[in-house]
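Below are the chains, spelled out letter by letter.
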Amino acid sequence: MESLRERIKAMENLSEYVGKTITVTYIDQFNKQDSITGNLDEVTPYHNLEITNWESLAGKKYKSTTGIPFVGSPDAITSIADENGKVIYNNENVYPFYNPFFYPNLDKDGILRIGINYKKGVAHTKKVRKLSFGK
C-alpha cells in the first residue's frame, strides 16, 4: 500500500516513462477491471494519461490510442507497471465499483446509461481524488 506521499512521488515520476512500454490496470466504463499494454504517449499529472498500443481487427493490425483518467467517474487507474512488471504507480482507493453512484445500466429503450445519481457520483469522485492526491 502506497502512502499519499509515495503516490504523489510516483505521479511526479511518471513522465520519465513517456515513450516506454507500460501496463495500465484500470476500471473501465462498465466498472470492470481491465488492463492495456502499450507505449506511454503523454501524462497530465492527476488528470489522465494516453497510451498507444497495437490492436487486431479482421486480421489487420492498427494503432489505437486510449486516454484513461487517474480518477474519473467511473473510469480510473488502479496501477501502472513498467515493461519489467515493476509497479510504478498504485492507487488502492480505486477498485471495481469504487464509486457506487456510477454503474452501467440500460434504460427502457435499451440505451446504455452510466450512473444512478450524477451529483452524488461526482461528489464521490472528488472525495476519492482528495484521498488519492490530497487535492
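Below, the structure is looked at part by part. As the structure is a prediction and not an experimental result, all values here were calculated from the model.

How each quantity is defined
Residues numbered from 1 in each chain as written. Predicted model: local features only at pLDDT ≥ 70, side-chain atom pairs only at ≥ 80, totals over all residues. Heavy atoms only, no water. Salt bridge = Lys/Arg side-chain N within 4 Å of Asp/Glu carboxyl O. Helix = DSSP H or I, 4+ residues; strand = E, 2+ residues; numbered from the N terminus. Buried < 20%, exposed > 50% of the residue type's maximum accessible area, 1.4 Å probe, protein only. Expected span 1.5 Å × (residues − 1). Arc of directions from axis to C-beta. Contact = heavy atoms within 4.5 Å.

A closer look at the pattern of salt bridges
Applying the stated criterion across every chain yields a total of one salt bridge. E92 is the salt-bridge partner of R7, the closest N and O atoms lying 3.3 Å from each other. With a gap of 85 residues between them, R7 in helix 1 (residues 4-13) and E92 in the loop between strand 6 (87-90) and strand 7 (104-106) connect regions that are remote in the sequence. You can call R7 buried: its relative accessible area is 3%.

Side note on unusual backbone geometry
A positive phi is found at Y46, a non-glycine position, where the angle reads about 70°. Position of Y46 relative to the elements: it lies in the loop between strand 2 (33-44) and strand 3 (48-57). Residue Y46 is classed as buried on the basis of its relative accessible area, which comes to 15%. We note that F97 has phi near 60°; this positive angle belongs to a residue other than glycine. Tracing the chain through its elements places F97 in the loop between strand 6 and strand 7.

Focus on helix 2 (residues 118-133)
For an α-helix, 3.6 residues make a turn, and residues three or four places apart therefore share a direction. If you check helix 2, its first and last C-alpha atoms are 22 Å apart, about what 16 residues at 1.5 Å a residue would give, namely 22 Å. For helix 2, the complete set of buried residues consists of G121, H124, T125, V128, S132 and F133. For helix 2, the angular spread of the buried residues around the axis is 145°, confining them to a single face. Set apart from the buried face of helix 2 by more than 90 degrees, the exposed residues are K119, K126, K127 and K130. Looking at the buried residues of helix 2, the elements they touch are helix 1 and strand 6.

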